[in-house]
Amino acid sequence: MNIVFDNERLLQLITSLHTLTGIRANIFDSNGKDICLSNDHAPFCQLVNASREGHRRCEECDAQAVRRCGADERHYSYRCHAGICETLLPIRFGGSPVAYLVFGQLLDSSPIEEQWANTEKTLGWYSGDICQLKEAYLNFRQYSAAEIDAYIDILEAFSTFIQIKEMIQTAEQTELQRLELYLDEHYTEKLSLARISADLGIGRTKLCILAKNLSGGQTLSHLIAQRRVEAAKKLLKRGNYPISEIAERVGISDYNYFTKVFRSVAGVTPSAFRKNAGRNTEREPG
């Protein structure tokens, strides 16, 4: 099933919710992946995600929560792997969940020092400044059970609203769309013509033709490189991750090869792109 997200209208919706309530919301796809509407994360979550291990744990936690919520009638509330309160609500079409509203980056009303003590026990993997992490944790806003339940009620109404306004739609996939979606979901993995052909059930010759149609005449290898470079650009803009770590996150383990691929697609090296992006940000009006 092909899921089409109206990112502009969805971003406007969750931004308005945050403005009114102070609670961060987002949209996950059916696999638990953030559809990247916004990079607005609390400082604590930014610190956790800054490490490769923390980012991996966050992704695994999101995927597991989606699996649990998919079997639920209404919603699924839980603490994430780093001790933060989160809630998922399914957005259904034809009775099946096709996406999920998620809100969280908050704490409940129990004693906050107790919440931190329980969280700290699970952070043996964290190699950063634990005092800085604790300070960020203690800055989370706390909500009562009644407030959280009220927000769940509101988001259930928004789930229906999203369907009525067709902000998320389903459509039959063409082979071209299947290839595009496949690359979006698997570009961080080791890909080959043989693997993609087997996974999609499309012959290699036809797959090469589809890649040329999708990329304006380029090869499948170039199409994969484009997808990885676009993802790398977002990471270069939004954080201070080492370039070697960004390379691994987008599926290229060799730093020098990543630099070569990035330059061939973007026309500049990753470090030059980051430097230019920083200059552009400084020029933006405050």
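You'll find the structure just up there.
Parameters at a glance
- Residues numbered from 1 in each chain as written.
- Predicted model: local features only at pLDDT ≥ 70, side-chain atom pairs only at ≥ 80, totals over all residues.
- Heavy atoms only, no water.
- Helix = DSSP H or I, 4+ residues; strand = E, 2+ residues; numbered from the N terminus.
- Buried < 20%, exposed > 50% of the residue type's maximum accessible area, 1.4 Å probe, protein only.
- Contact = heavy atoms within 4.5 Å.
- Areas by Shrake-Rupley, 256 points an atom, 1.4 Å probe, with all protein chains shown as cover.
- Lys, Arg positive; Asp, Glu negative; His and termini not counted.
- Charge placed at Lys NZ, Arg CZ, Asp CG, Glu CD.
- Axes fitted to C-alpha atoms, helices over the stretch in contact; angles between N-to-C directions.
- Parallel < 35°, antiparallel > 145°, perpendicular 65-115°, else oblique.
- Nonpolar A, V, L, I, M, F, W, Y, C, P; charged D, E, K, R; others polar.
- Pairing = 2+ DSSP bridges.
- Core = buried A, V, L, I, M, F, W, Y, C linked by side-chain atoms within 4.5 Å.
- Arc of directions from axis to C-beta.

Engineer: What should I look at first to understand the overall build of the protein chain in this one?
Structural biologist: Scanning the protein chain from terminus to terminus reveals 13 helices and six strands. Summarising its shape, the C-alpha atoms of the protein chain cover approximately 60 × 45 × 40 Å along the three principal directions. A burial count over the protein chain gives 40% of its 286 residues as buried. Long-range contacts, defined here as pairs at least 24 residues apart, represent 60% of the contacts in the protein chain between residues at least 6 apart. As displayed, the protein chain offers around 15600 Å² of accessible surface, 48% of which is attributable to carbon and sulfur atoms. Computed over 34 positive and 36 negative side-chain charges, the separation of the two mean positions in the protein chain equals 8 Å.

Engineer: Looking at this structure, I do not really get the packing of helix α10 (residues 220-238) against helix α12 (residues 255-266). What am I missing?
Structural biologist: At a closest axis distance of 9 Å, the pairing of α10 and α12 adopts a crossing angle of 95 degrees. Our classification of the angle between α10 and α12 gives roughly perpendicular. Residue-level contacts link His222, Ala225, Gln226, Val229, Ala232, Lys233 and Leu236 of α10 to Phe258, Val261, Phe262, Val265 and Ala266 of α12. Considered class by class, the residues forming the contact of α10 with α12 number nine nonpolar, two polar and one charged.

Engineer: Can you walk me through the pairing of strand β4 (residues 85-93) in this structure?
Structural biologist: The two faces of a sheet get side chains in turn, since along a regular strand they alternate between them. Counted residue by residue, β4 has seven buried out of nine residues, so it is predominantly covered. Examined bridge by bridge, strand β3 (residues 76-79) and β4 share four bridges and lie antiparallel to one another. When the bridges of β4 are listed, arginine 79 appears paired with cysteine 85. A loop of five residues connects β3 with β4, the two strands running antiparallel in sequence, and glycine 83 in this loop sits at a positive phi of about 85 degrees.

Engineer: Hey, could you run me through the nonpolar core in this one?
Structural biologist: By size, the foremost hydrophobic cluster in this structure holds 29 residues, and its most contacted members are Phe44, Leu88, Leu133 and Phe140. No other element matches helix α3 (residues 52-70), which puts five residues into this core. Ignoring anything within four residues of it in the chain, the contact list for phenylalanine 140 reads Ala42, Phe44, Cys45, Ile84, Gln105, Leu106, Leu107 and Ile112. By size, the runner-up hydrophobic cluster in this structure holds 25 residues, among which are Ile14, Cys85, Leu101 and Ile162.

Engineer: Please clarify how helix α4 (residues 112-120) should be interpreted in this entry.
Structural biologist: An α-helix turns once every 3.6 residues. As a result, residues three or four positions apart point the same way. Considered for burial, the residues of α4 that qualify are Ile112, Gln115, Trp116 and Thr119. Projected down its long axis, α4 carries its buried residues within an arc of 95 degrees, all on one side.

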